[in-house]
Amino acid sequence: MKNKKVELWFVTGSQHLYGEETLKQVESDSGTIAEALDRSDDIPVKVVFKPVLTTADAITSICLEANNSPDCAGLIAWMHTFSPAKMWISGLKRLQKPLLHFHTQFNRDIPWSDIDMDFMNLNQSAHGDREFGFICTRLGLERKVVVGHWQDKEALKAIGTWSRAAAGALEARSLKVARFGDNMRDVAVTEGDKVSAQMHLDYEVHGYGVGDLADAVGKVSDRQISTLLRQYGDEYNAPAKTLASPAVREAARIEAGMRAFLEEGGFKAFTTNFEDLHGLVQLPGLAVQRLMADGYGFGAEGDWKTAALVRIMKVMAEGLEGGTSFMEDYTYHLEPQNMTALGAHMLEVCPSISSGKPALEVHPLGIGGRDDPARLVFKADTGKAIAASMIEMGDRFRLIVNNLKVVECPPMPMLPVASVLWKPEPDLRTAAAAWIYAGGAHHTGFSQSLTAEHMAEYAAITGTEFILIDQKCVIELLRKELRWNDLYYRMKPA
Ligand code: MN
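Rules of the game
Residues numbered from 1 in each chain as written. Predicted model: local features only at pLDDT ≥ 70, side-chain atom pairs only at ≥ 80, totals over all residues. Heavy atoms only, no water. 1 Å grid on protein atoms, 1.4 Å probe; cavity = no way out; pocket = protein on both sides within 12 Å on 5 of 7 lines; lining within 4 Å. Points joined across faces, edges and corners; volume = space filled by probe spheres on them. Helix = DSSP H or I, 4+ residues; strand = E, 2+ residues; numbered from the N terminus. Nonpolar A, V, L, I, M, F, W, Y, C, P; charged D, E, K, R; others polar. Patch = residues over 30% accessible without salt bridge, like charges linked within 9 Å, V, L, I, M, F, W, Y side chains within 5 Å. Areas by Shrake-Rupley, 256 points an atom, 1.4 Å probe, with all protein chains shown as cover. Salt bridge = Lys/Arg side-chain N within 4 Å of Asp/Glu carboxyl O. Buried < 20%, exposed > 50% of the residue type's maximum accessible area, 1.4 Å probe, protein only. Pairing = 2+ DSSP bridges. Axes fitted to C-alpha atoms, helices over the stretch in contact; angles between N-to-C directions. Donors = N, O, S within 2.8 Å, 3.2 Å for Na, K, Ca; no water.

A. Highlighting the layout of surface pockets. Of the volumes computed, that of the largest pocket is approximately 1,200 Å³. Taken together, 40 residues form the lining of the largest pocket, with Glu-142, Ala-460, Ile-461, Thr-462 and Gly-463 sitting closest to its centre. Of all elements in the fold, only α3 (86–94), α6 (153–173), α7 (194–201), α15 (452–462) and α16 (475–491) reach the threshold of two or more residues within the lining of the largest pocket. Here the element with the most residues in the lining of the largest pocket is α6; it accounts for 6 residues. Along the lines of polarity and charge, the residues of the lining of the largest pocket split into 22 nonpolar, 6 polar and 12 charged.

B. Just a nonpolar patch on the surface, in detail. Residues Ile-110, Trp-112, Ile-115, Met-117 and Met-120 make up a contiguous nonpolar surface patch of roughly 550 Å² in combined accessible area. Inspection of the secondary structure puts Trp-112 in the loop between β4 (99–103) and α4 (117–122).

C. Highlighting unusual backbone geometry. A cis amide bond links Glu-425 to the next residue, Pro-426, at an omega of -5°. As for its position among the elements, Pro-426 is in the loop between β16 (419–424) and α14 (428–438). Positioned with a positive phi, Asp-186 is a non-glycine residue whose angle comes to about 75°. Tracing the sequence through the fold places Asp-186 in the loop between β6 (176–180) and α7. Judged by relative accessible area, which is 84%, Asp-186 ranks as exposed. Phi is positive for Glu-301, close to 55°, though the residue is something other than glycine. Inspection of the secondary structure puts Glu-301 in the loop between β9 (297–299) and α13 (304–316).

D. A look at the sheet that holds strand β5 (residues 144–147). Strand order in this open sheet of 5 strands is β2-β1-β3-β4-β5, and the pairing throughout is parallel. Edge positions in the sheet fall to β2 (45–49) and β5, since each of these pairs with one other strand and no more. Within this sheet the neighbouring strands show an average axis-to-axis angle of 30°, counted without direction. By the bridge criterion, 4 bridges tie β4 to β5 in an arrangement that is parallel. Of the residues in β5, the one forming a bridge with His-103 is Val-147.

E. Quick look at the coordination of the manganese ion. Binding of the manganese ion to the protein goes through Glu-301 (OE), Glu-328 (OE), His-345 (NE2) and His-443 (NE2), at separations of 2.1 to 2.2 Å. All donors of the manganese ion belong to a single chain; written as a sequence motif, their spacing is E-x26-E-x16-H-x97-H. Taken together, the positions of Glu-328 in strand β10 (residues 324–333) and His-345 in the loop between β11 (340–344) and β12 (359–362) put the pair 17 residues apart, joining distant regions of the chain. Each of the two residues, Glu-328 as well as His-345, counts as buried.

Here's what the structure looks like:
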(Lines give C-alpha, C1' and ligand atoms only; values in the text may rest on other atoms or scores of the structure.)
Protein backbone atom coordinates (compact mmCIF):
# COMPACT_ATOMS: atom_id res chain seq x y z
CA MET A 1 0.00 0.00 0.00
CA LYS A 2 1.82 3.12 -1.25
CA ASN A 3 1.23 6.65 -0.08
CA LYS A 4 1.13 8.19 -3.56
CA LYS A 5 1.15 11.74 -2.23
CA VAL A 6 4.53 11.52 -0.54
CA GLU A 7 7.62 11.44 -2.77
CA LEU A 8 11.29 10.72 -2.31
CA TRP A 9 13.49 12.04 -5.07
CA PHE A 10 16.25 9.75 -6.30
CA VAL A 11 19.29 11.81 -7.25
CA THR A 12 22.48 10.40 -8.75
CA GLY A 13 25.84 12.12 -8.70
CA SER A 14 28.43 11.81 -11.43
CA GLN A 15 30.64 14.11 -13.52
CA HIS A 16 31.43 14.86 -17.18
CA LEU A 17 34.90 13.28 -17.08
CA TYR A 18 33.50 9.87 -18.02
CA GLY A 19 32.13 10.87 -21.43
CA GLU A 20 28.67 10.63 -22.96
CA GLU A 21 28.49 6.86 -23.25
CA THR A 22 29.28 6.18 -19.58
CA LEU A 23 26.86 8.91 -18.47
CA LYS A 24 24.11 7.29 -20.53
CA GLN A 25 24.81 4.04 -18.73
CA VAL A 26 24.80 5.85 -15.39
CA GLU A 27 21.41 7.35 -16.24
CA SER A 28 19.96 4.00 -17.25
CA ASP A 29 21.31 2.23 -14.14
CA SER A 30 19.98 4.97 -11.85
CA GLY A 31 16.59 4.80 -13.54
CA THR A 32 16.49 1.05 -12.95
CA ILE A 33 17.32 1.47 -9.26
CA ALA A 34 14.81 4.29 -8.73
CA GLU A 35 12.11 2.22 -10.39
CA ALA A 36 12.93 -0.80 -8.22
CA LEU A 37 12.70 1.36 -5.08
CA ASP A 38 9.42 2.80 -6.30
CA ARG A 39 8.00 -0.69 -6.83
CA SER A 40 9.30 -2.09 -3.54
CA ASP A 41 6.65 -2.97 -0.96
CA ASP A 42 9.20 -2.16 1.73
CA ILE A 43 9.16 1.54 0.78
CA PRO A 44 5.70 2.97 1.46
CA VAL A 45 6.07 6.15 -0.61
CA LYS A 46 6.68 7.11 -4.24
CA VAL A 47 10.30 7.18 -5.44
CA VAL A 48 10.81 9.66 -8.28
CA PHE A 49 13.78 9.40 -10.61
CA LYS A 50 15.62 12.66 -11.28
CA PRO A 51 18.21 13.26 -14.05
CA VAL A 52 21.87 12.48 -13.25
CA LEU A 53 23.67 15.45 -11.70
CA THR A 54 27.05 16.49 -13.10
CA THR A 55 27.31 20.20 -12.26
CA ALA A 56 27.07 22.41 -9.18
CA ASP A 57 24.26 24.42 -10.78
CA ALA A 58 22.14 21.34 -11.44
CA ILE A 59 22.73 20.08 -7.89
CA THR A 60 21.79 23.42 -6.33
CA SER A 61 18.63 23.73 -8.39
CA ILE A 62 17.40 20.22 -7.55
CA CYS A 63 17.94 20.95 -3.84
CA LEU A 64 15.98 24.21 -4.11
CA GLU A 65 13.27 22.45 -6.08
CA ALA A 66 13.04 19.79 -3.36
CA ASN A 67 12.71 22.52 -0.71
CA ASN A 68 9.81 24.05 -2.60
CA SER A 69 7.93 20.87 -3.41
CA PRO A 70 5.08 20.22 -0.95
CA ASP A 71 5.12 16.51 -1.86
CA CYS A 72 8.86 15.87 -1.59
CA ALA A 73 9.63 14.30 1.79
CA GLY A 74 13.35 13.99 1.10
CA LEU A 75 16.19 13.06 -1.21
CA ILE A 76 17.87 9.70 -1.76
CA ALA A 77 21.36 10.40 -3.05
CA TRP A 78 23.70 7.92 -4.70
CA MET A 79 27.08 8.54 -6.28
CA HIS A 80 27.11 6.04 -9.13
CA THR A 81 30.58 7.24 -10.14
CA PHE A 82 32.92 9.73 -8.59
CA SER A 83 31.20 13.09 -8.17
CA PRO A 84 33.67 15.70 -6.89
CA ALA A 85 31.96 16.91 -3.76
CA LYS A 86 32.78 20.61 -3.92
CA MET A 87 30.00 20.60 -6.53
CA TRP A 88 27.59 19.56 -3.76
CA ILE A 89 28.44 22.23 -1.19
CA SER A 90 26.09 24.93 -2.45
CA GLY A 91 23.14 22.59 -2.90
CA LEU A 92 23.54 20.68 0.36
CA LYS A 93 23.98 23.93 2.31
CA ARG A 94 20.57 25.01 1.05
CA LEU A 95 18.80 21.68 1.30
CA GLN A 96 15.99 21.82 3.86
CA LYS A 97 14.58 18.37 3.24
CA PRO A 98 15.78 15.12 4.84
CA LEU A 99 18.62 13.32 3.10
CA LEU A 100 19.26 9.60 2.78
CA HIS A 101 22.59 8.54 1.35
CA PHE A 102 22.11 5.18 -0.33
CA HIS A 103 25.50 3.52 -0.54
CA THR A 104 24.79 0.93 -3.18
CA GLN A 105 26.32 -0.40 -6.39
CA PHE A 106 24.58 -1.34 -9.64
CA ASN A 107 26.19 -4.81 -9.94
CA ARG A 108 25.84 -6.87 -6.83
CA ASP A 109 28.72 -9.26 -7.48
CA ILE A 110 32.23 -8.85 -8.82
CA PRO A 111 32.44 -10.92 -12.06
CA TRP A 112 35.72 -12.50 -11.03
CA SER A 113 36.75 -13.94 -14.39
CA ASP A 114 35.63 -10.93 -16.52
CA ILE A 115 36.29 -7.92 -14.35
CA ASP A 116 38.07 -5.13 -16.24
CA MET A 117 38.42 -1.33 -15.94
CA ASP A 118 35.02 -0.73 -17.59
CA PHE A 119 33.36 -2.69 -14.81
CA MET A 120 35.40 -0.79 -12.25
CA ASN A 121 34.32 2.58 -13.71
CA LEU A 122 30.65 1.70 -13.67
CA ASN A 123 30.78 0.29 -10.15
CA GLN A 124 32.78 2.81 -8.21
CA SER A 125 30.38 4.09 -5.57
CA ALA A 126 32.75 2.40 -3.07
CA HIS A 127 34.91 5.50 -3.44
CA GLY A 128 32.39 7.90 -5.06
CA ASP A 129 30.09 7.68 -2.04
CA ARG A 130 33.00 8.22 0.34
CA GLU A 131 33.71 11.57 -1.31
CA PHE A 132 30.03 12.47 -0.87
CA GLY A 133 30.05 11.26 2.73
CA PHE A 134 33.02 13.49 3.49
CA ILE A 135 31.27 16.65 2.38
CA CYS A 136 28.09 15.77 4.29
CA THR A 137 30.17 15.25 7.43
CA ARG A 138 32.16 18.41 6.80
CA LEU A 139 28.92 20.37 6.43
CA GLY A 140 27.62 18.79 9.65
CA LEU A 141 24.61 17.52 7.71
CA GLU A 142 22.22 15.17 9.47
CA ARG A 143 21.50 12.28 7.12
CA LYS A 144 20.78 8.57 7.03
CA VAL A 145 23.34 6.24 5.46
CA VAL A 146 22.01 2.92 4.14
CA VAL A 147 24.45 0.34 2.79
CA GLY A 148 23.66 -2.63 0.57
CA HIS A 149 22.71 -3.76 -2.91
CA TRP A 150 19.53 -2.12 -4.21
CA GLN A 151 17.73 -5.46 -4.33
CA ASP A 152 18.85 -6.38 -0.83
CA LYS A 153 15.75 -6.69 1.38
CA GLU A 154 17.55 -5.35 4.44
CA ALA A 155 18.63 -2.18 2.61
CA LEU A 156 15.13 -1.66 1.18
CA LYS A 157 13.61 -2.07 4.64
CA ALA A 158 16.01 0.50 6.10
CA ILE A 159 15.02 2.98 3.38
CA GLY A 160 11.38 2.18 4.11
CA THR A 161 11.79 2.85 7.84
CA TRP A 162 13.49 6.16 7.14
CA SER A 163 10.87 7.13 4.55
CA ARG A 164 8.14 6.81 7.19
CA ALA A 165 10.02 9.22 9.44
CA ALA A 166 10.50 11.59 6.49
CA ALA A 167 6.76 11.39 5.76
CA GLY A 168 6.06 12.25 9.41
CA ALA A 169 8.38 15.26 9.24
CA LEU A 170 6.69 16.36 6.00
CA GLU A 171 3.28 16.09 7.67
CA ALA A 172 4.48 18.35 10.49
CA ARG A 173 5.17 21.13 7.97
CA SER A 174 1.45 21.56 7.40
CA LEU A 175 0.19 20.28 10.76
CA LYS A 176 -2.09 22.52 12.80
CA VAL A 177 -3.04 21.59 16.36
CA ALA A 178 -6.22 23.03 17.90
CA ARG A 179 -6.21 23.51 21.67
CA PHE A 180 -9.62 23.74 23.28
CA GLY A 181 -8.83 25.58 26.48
CA ASP A 182 -5.38 25.83 28.06
CA ASN A 183 -3.51 23.04 29.77
CA MET A 184 -4.53 21.49 33.05
CA ARG A 185 -3.67 23.87 35.86
CA ASP A 186 -0.27 23.42 37.49
CA VAL A 187 0.84 20.52 35.27
CA ALA A 188 4.44 21.05 34.15
CA VAL A 189 5.18 18.47 31.48
CA THR A 190 2.27 19.46 29.25
CA GLU A 191 3.54 23.05 29.15
CA GLY A 192 6.10 24.27 26.68
CA ASP A 193 7.20 26.89 24.24
CA LYS A 194 4.99 26.79 21.15
CA VAL A 195 7.34 29.10 19.30
CA SER A 196 10.21 26.66 19.89
CA ALA A 197 8.00 23.80 18.76
CA GLN A 198 7.14 25.58 15.54
CA MET A 199 10.79 26.49 14.94
CA HIS A 200 12.14 23.00 15.57
CA LEU A 201 9.27 20.63 14.85
CA ASP A 202 7.37 22.73 12.29
CA TYR A 203 3.78 22.29 13.50
CA GLU A 204 1.53 25.18 14.59
CA VAL A 205 -0.54 25.28 17.77
CA HIS A 206 -3.70 27.39 17.79
CA GLY A 207 -5.63 28.15 20.97
CA TYR A 208 -9.43 28.41 21.19
CA GLY A 209 -11.80 29.06 24.03
CA VAL A 210 -13.89 25.98 24.67
CA GLY A 211 -16.91 28.24 23.94
CA ASP A 212 -15.85 28.27 20.26
CA LEU A 213 -16.16 24.49 20.26
CA ALA A 214 -19.47 24.67 22.16
CA ASP A 215 -20.80 26.99 19.40
CA ALA A 216 -19.90 24.43 16.73
CA VAL A 217 -21.52 21.68 18.83
CA GLY A 218 -24.65 23.82 19.18
CA LYS A 219 -25.02 24.01 15.39
CA VAL A 220 -25.25 20.23 14.94
CA SER A 221 -28.56 19.08 13.42
CA ASP A 222 -30.74 16.19 14.57
CA ARG A 223 -30.10 14.49 11.24
CA GLN A 224 -26.34 14.55 11.79
CA ILE A 225 -26.90 13.00 15.22
CA SER A 226 -29.14 10.23 13.84
CA THR A 227 -26.56 9.37 11.17
CA LEU A 228 -23.86 9.03 13.81
CA LEU A 229 -26.08 6.97 16.11
CA ARG A 230 -26.66 4.49 13.27
CA GLN A 231 -22.88 4.25 12.75
CA TYR A 232 -22.36 3.63 16.47
CA GLY A 233 -24.88 0.82 16.32
CA ASP A 234 -23.08 -0.79 13.37
CA GLU A 235 -19.56 -0.40 14.66
CA TYR A 236 -19.83 -1.10 18.39
CA ASN A 237 -21.44 -3.43 20.84
CA ALA A 238 -24.14 -1.19 22.21
CA PRO A 239 -27.52 -2.17 23.70
CA ALA A 240 -30.44 -0.25 22.17
CA LYS A 241 -31.02 1.37 25.56
CA THR A 242 -27.50 2.83 25.56
CA LEU A 243 -27.82 4.03 21.95
CA ALA A 244 -31.06 5.79 22.80
CA SER A 245 -29.67 7.41 25.95
CA PRO A 246 -29.35 11.20 26.17
CA ALA A 247 -25.65 10.76 27.04
CA VAL A 248 -24.85 8.98 23.76
CA ARG A 249 -26.98 11.43 21.83
CA GLU A 250 -24.99 14.26 23.39
CA ALA A 251 -21.71 12.45 22.62
CA ALA A 252 -22.77 12.28 18.96
CA ARG A 253 -23.55 15.99 18.98
CA ILE A 254 -20.08 16.72 20.39
CA GLU A 255 -18.46 14.47 17.78
CA ALA A 256 -20.23 16.15 14.86
CA GLY A 257 -19.45 19.63 16.18
CA MET A 258 -15.84 18.84 16.94
CA ARG A 259 -15.31 17.21 13.56
CA ALA A 260 -16.81 20.22 11.76
CA PHE A 261 -14.63 22.61 13.75
CA LEU A 262 -11.45 20.65 13.00
CA GLU A 263 -12.27 20.20 9.31
CA GLU A 264 -13.12 23.84 8.83
CA GLY A 265 -9.88 24.98 10.43
CA GLY A 266 -7.70 22.36 8.71
CA PHE A 267 -6.64 20.86 12.05
CA LYS A 268 -5.27 17.32 12.21
CA ALA A 269 -4.65 17.23 15.97
CA PHE A 270 -6.31 18.69 19.03
CA THR A 271 -6.39 18.79 22.80
CA THR A 272 -9.14 18.98 25.38
CA ASN A 273 -9.10 19.78 29.09
CA PHE A 274 -11.53 18.29 31.59
CA GLU A 275 -11.11 21.35 33.82
CA ASP A 276 -12.44 23.59 31.09
CA LEU A 277 -15.72 22.36 29.62
CA HIS A 278 -17.83 25.52 29.62
CA GLY A 279 -20.76 24.96 27.30
CA LEU A 280 -20.14 21.21 26.88
CA VAL A 281 -22.38 18.93 28.90
CA GLN A 282 -19.89 16.04 29.08
CA LEU A 283 -16.15 15.50 28.62
CA PRO A 284 -15.57 14.49 25.00
CA GLY A 285 -14.66 10.79 25.18
CA LEU A 286 -16.30 8.90 22.35
CA ALA A 287 -15.74 11.85 19.99
CA VAL A 288 -12.03 11.91 20.76
CA GLN A 289 -11.73 8.14 20.36
CA ARG A 290 -13.50 8.17 16.98
CA LEU A 291 -11.51 11.15 15.68
CA MET A 292 -8.27 9.43 16.69
CA ALA A 293 -9.40 6.31 14.85
CA ASP A 294 -9.80 8.51 11.77
CA GLY A 295 -6.22 9.70 12.02
CA TYR A 296 -6.39 12.76 14.26
CA GLY A 297 -3.70 13.31 16.87
CA PHE A 298 -4.88 13.91 20.43
CA GLY A 299 -3.50 15.03 23.77
CA ALA A 300 -5.59 15.29 26.95
CA GLU A 301 -5.38 18.10 29.50
CA GLY A 302 -4.08 20.55 26.92
CA ASP A 303 -1.11 18.40 25.98
CA TRP A 304 -0.37 19.79 22.49
CA LYS A 305 3.07 18.15 22.23
CA THR A 306 1.54 14.70 22.57
CA ALA A 307 -1.36 15.62 20.25
CA ALA A 308 1.10 16.58 17.50
CA LEU A 309 3.26 13.52 18.20
CA VAL A 310 0.27 11.15 17.93
CA ARG A 311 -0.75 12.69 14.58
CA ILE A 312 2.81 12.44 13.23
CA MET A 313 3.09 8.84 14.46
CA LYS A 314 -0.22 7.98 12.76
CA VAL A 315 1.10 9.36 9.47
CA MET A 316 4.38 7.47 9.90
CA ALA A 317 2.44 4.25 10.59
CA GLU A 318 0.09 4.50 7.60
CA GLY A 319 -0.55 1.09 6.03
CA LEU A 320 1.23 -0.88 8.76
CA GLU A 321 -0.55 -3.42 10.92
CA GLY A 322 -1.67 -2.35 14.39
CA GLY A 323 -2.84 0.96 15.77
CA THR A 324 -1.53 4.16 17.31
CA SER A 325 -3.10 6.02 20.23
CA PHE A 326 -2.75 8.66 22.86
CA MET A 327 -1.83 6.82 26.06
CA GLU A 328 -1.04 7.33 29.71
CA ASP A 329 0.91 5.20 32.15
CA TYR A 330 -1.96 4.84 34.59
CA THR A 331 -1.30 2.24 37.25
CA TYR A 332 1.14 -0.59 38.09
CA HIS A 333 1.12 -4.24 39.03
CA LEU A 334 4.24 -4.48 41.20
CA GLU A 335 4.41 -8.23 41.91
CA PRO A 336 8.23 -8.56 41.96
CA GLN A 337 8.58 -11.30 39.30
CA ASN A 338 5.72 -10.07 37.14
CA MET A 339 5.80 -6.28 37.10
CA THR A 340 3.49 -4.71 34.52
CA ALA A 341 2.01 -1.32 33.72
CA LEU A 342 -1.61 -0.66 32.90
CA GLY A 343 -2.03 2.05 30.29
CA ALA A 344 -5.36 3.84 29.96
CA HIS A 345 -6.92 7.26 30.28
CA MET A 346 -10.09 8.72 31.69
CA LEU A 347 -11.75 7.98 28.33
CA GLU A 348 -9.56 8.83 25.38
CA VAL A 349 -7.85 5.72 23.99
CA CYS A 350 -7.95 5.06 20.24
CA PRO A 351 -9.84 1.90 19.18
CA SER A 352 -7.26 1.31 16.39
CA ILE A 353 -5.15 -0.60 18.92
CA SER A 354 -7.80 -3.31 19.30
CA SER A 355 -8.97 -5.75 16.65
CA GLY A 356 -12.05 -6.58 18.73
CA LYS A 357 -15.38 -4.79 18.57
CA PRO A 358 -15.41 -2.08 21.26
CA ALA A 359 -18.32 -1.73 23.66
CA LEU A 360 -20.09 1.62 23.77
CA GLU A 361 -20.81 2.45 27.41
CA VAL A 362 -21.90 5.35 29.59
CA HIS A 363 -20.53 5.69 33.11
CA PRO A 364 -20.09 8.49 35.63
CA LEU A 365 -16.74 10.27 35.66
CA GLY A 366 -15.30 11.08 39.08
CA ILE A 367 -13.68 14.33 37.96
CA GLY A 368 -14.76 17.19 35.72
CA GLY A 369 -18.14 17.73 37.35
CA ARG A 370 -20.22 17.18 34.20
CA ASP A 371 -22.71 14.61 32.92
CA ASP A 372 -21.77 10.96 32.50
CA PRO A 373 -19.73 10.67 29.30
CA ALA A 374 -19.99 7.97 26.62
CA ARG A 375 -16.84 6.03 25.78
CA LEU A 376 -15.59 2.95 23.95
CA VAL A 377 -14.32 0.19 26.20
CA PHE A 378 -11.91 -2.49 24.87
CA LYS A 379 -8.57 -4.18 25.48
CA ALA A 380 -5.59 -3.67 23.17
CA ASP A 381 -4.18 -6.52 21.09
CA THR A 382 -1.13 -8.26 22.58
CA GLY A 383 2.33 -8.11 21.00
CA LYS A 384 5.11 -5.60 20.47
CA ALA A 385 4.54 -1.88 20.87
CA ILE A 386 6.34 1.34 21.75
CA ALA A 387 5.59 4.31 23.96
CA ALA A 388 7.04 7.68 22.92
CA SER A 389 7.16 10.94 24.84
CA MET A 390 8.23 14.34 23.51
CA ILE A 391 9.31 16.70 26.27
CA GLU A 392 10.71 20.18 26.26
CA MET A 393 14.05 20.69 27.97
CA GLY A 394 14.09 24.49 27.70
CA ASP A 395 16.85 24.61 25.10
CA ARG A 396 15.71 21.61 23.02
CA PHE A 397 13.16 18.85 22.62
CA ARG A 398 13.83 15.31 23.81
CA LEU A 399 12.07 12.24 22.44
CA ILE A 400 12.05 9.24 24.78
CA VAL A 401 11.00 5.83 23.50
CA ASN A 402 10.45 2.62 25.41
CA ASN A 403 9.92 -0.76 23.76
CA LEU A 404 6.94 -2.59 25.26
CA LYS A 405 5.36 -6.00 25.11
CA VAL A 406 1.59 -5.87 25.43
CA VAL A 407 0.44 -8.88 27.46
CA GLU A 408 -2.85 -10.61 28.15
CA CYS A 409 -4.83 -8.77 30.79
CA PRO A 410 -6.98 -10.48 33.44
CA PRO A 411 -10.66 -9.50 33.35
CA MET A 412 -11.36 -6.13 34.99
CA PRO A 413 -15.18 -6.00 35.02
CA MET A 414 -15.32 -2.84 37.11
CA LEU A 415 -12.96 -0.77 34.92
CA PRO A 416 -15.09 1.31 32.51
CA VAL A 417 -12.33 2.45 30.12
CA ALA A 418 -10.16 1.05 27.33
CA SER A 419 -6.83 -0.25 28.59
CA VAL A 420 -3.51 -1.87 27.69
CA LEU A 421 -1.35 -4.05 29.95
CA TRP A 422 2.35 -4.16 29.09
CA LYS A 423 5.80 -5.20 30.19
CA PRO A 424 8.36 -2.58 29.23
CA GLU A 425 11.87 -3.52 28.06
CA PRO A 426 14.11 -4.50 29.68
CA ASP A 427 11.84 -4.77 32.75
CA LEU A 428 9.56 -2.36 34.56
CA ARG A 429 12.03 -1.68 37.35
CA THR A 430 14.71 -0.51 34.91
CA ALA A 431 12.40 1.05 32.31
CA ALA A 432 10.44 3.18 34.75
CA ALA A 433 13.64 4.40 36.44
CA ALA A 434 15.18 5.21 33.04
CA TRP A 435 12.01 7.00 31.90
CA ILE A 436 11.93 9.08 35.09
CA TYR A 437 15.64 9.96 34.92
CA ALA A 438 15.06 11.07 31.30
CA GLY A 439 12.08 13.18 32.37
CA GLY A 440 9.56 11.32 30.18
CA ALA A 441 5.92 12.39 30.51
CA HIS A 442 2.98 10.35 31.79
CA HIS A 443 1.31 10.97 28.42
CA THR A 444 2.69 9.14 25.40
CA GLY A 445 2.12 8.23 21.81
CA PHE A 446 1.58 4.48 21.90
CA SER A 447 1.99 2.43 18.73
CA GLN A 448 1.83 -1.21 17.76
CA SER A 449 2.81 -0.34 14.17
CA LEU A 450 5.96 1.68 14.69
CA THR A 451 9.27 0.60 16.15
CA ALA A 452 11.96 2.51 18.02
CA GLU A 453 13.89 2.68 14.70
CA HIS A 454 11.11 4.74 13.10
CA MET A 455 11.18 7.14 16.02
CA ALA A 456 15.00 7.33 16.04
CA GLU A 457 14.92 8.35 12.36
CA TYR A 458 12.24 10.94 13.06
CA ALA A 459 14.36 12.36 15.90
CA ALA A 460 17.43 12.48 13.64
CA ILE A 461 15.54 14.22 10.82
CA THR A 462 14.13 16.85 13.19
CA GLY A 463 17.36 17.28 15.16
CA THR A 464 15.64 16.10 18.34
CA GLU A 465 17.52 14.44 21.20
CA PHE A 466 16.64 10.74 21.28
CA ILE A 467 16.67 8.49 24.33
CA LEU A 468 15.93 4.82 23.80
CA ILE A 469 14.94 2.45 26.59
CA ASP A 470 15.18 -1.08 25.23
CA GLN A 471 16.48 -4.54 26.13
CA LYS A 472 20.03 -3.17 26.37
CA CYS A 473 19.21 -0.33 28.77
CA VAL A 474 21.62 -0.05 31.70
CA ILE A 475 20.66 2.63 34.19
CA GLU A 476 24.16 3.83 35.00
CA LEU A 477 25.02 4.18 31.30
CA LEU A 478 21.76 6.00 30.65
CA ARG A 479 22.47 8.47 33.43
CA LYS A 480 25.84 9.18 31.82
CA GLU A 481 24.22 9.53 28.39
CA LEU A 482 21.84 12.11 29.79
CA ARG A 483 24.72 14.12 31.26
CA TRP A 484 26.75 13.92 28.04
CA ASN A 485 23.75 14.96 26.01
CA ASP A 486 23.20 17.99 28.22
CA LEU A 487 26.74 19.08 27.44
CA TYR A 488 26.41 18.32 23.71
CA TYR A 489 23.16 20.24 23.27
CA ARG A 490 24.45 23.22 25.23
CA MET A 491 27.52 23.43 22.98
CA LYS A 492 25.74 22.70 19.72
CA PRO A 493 24.87 25.75 17.60
CA ALA A 494 21.07 26.17 17.47
MN1 MN B 1 -3.78 12.53 31.38
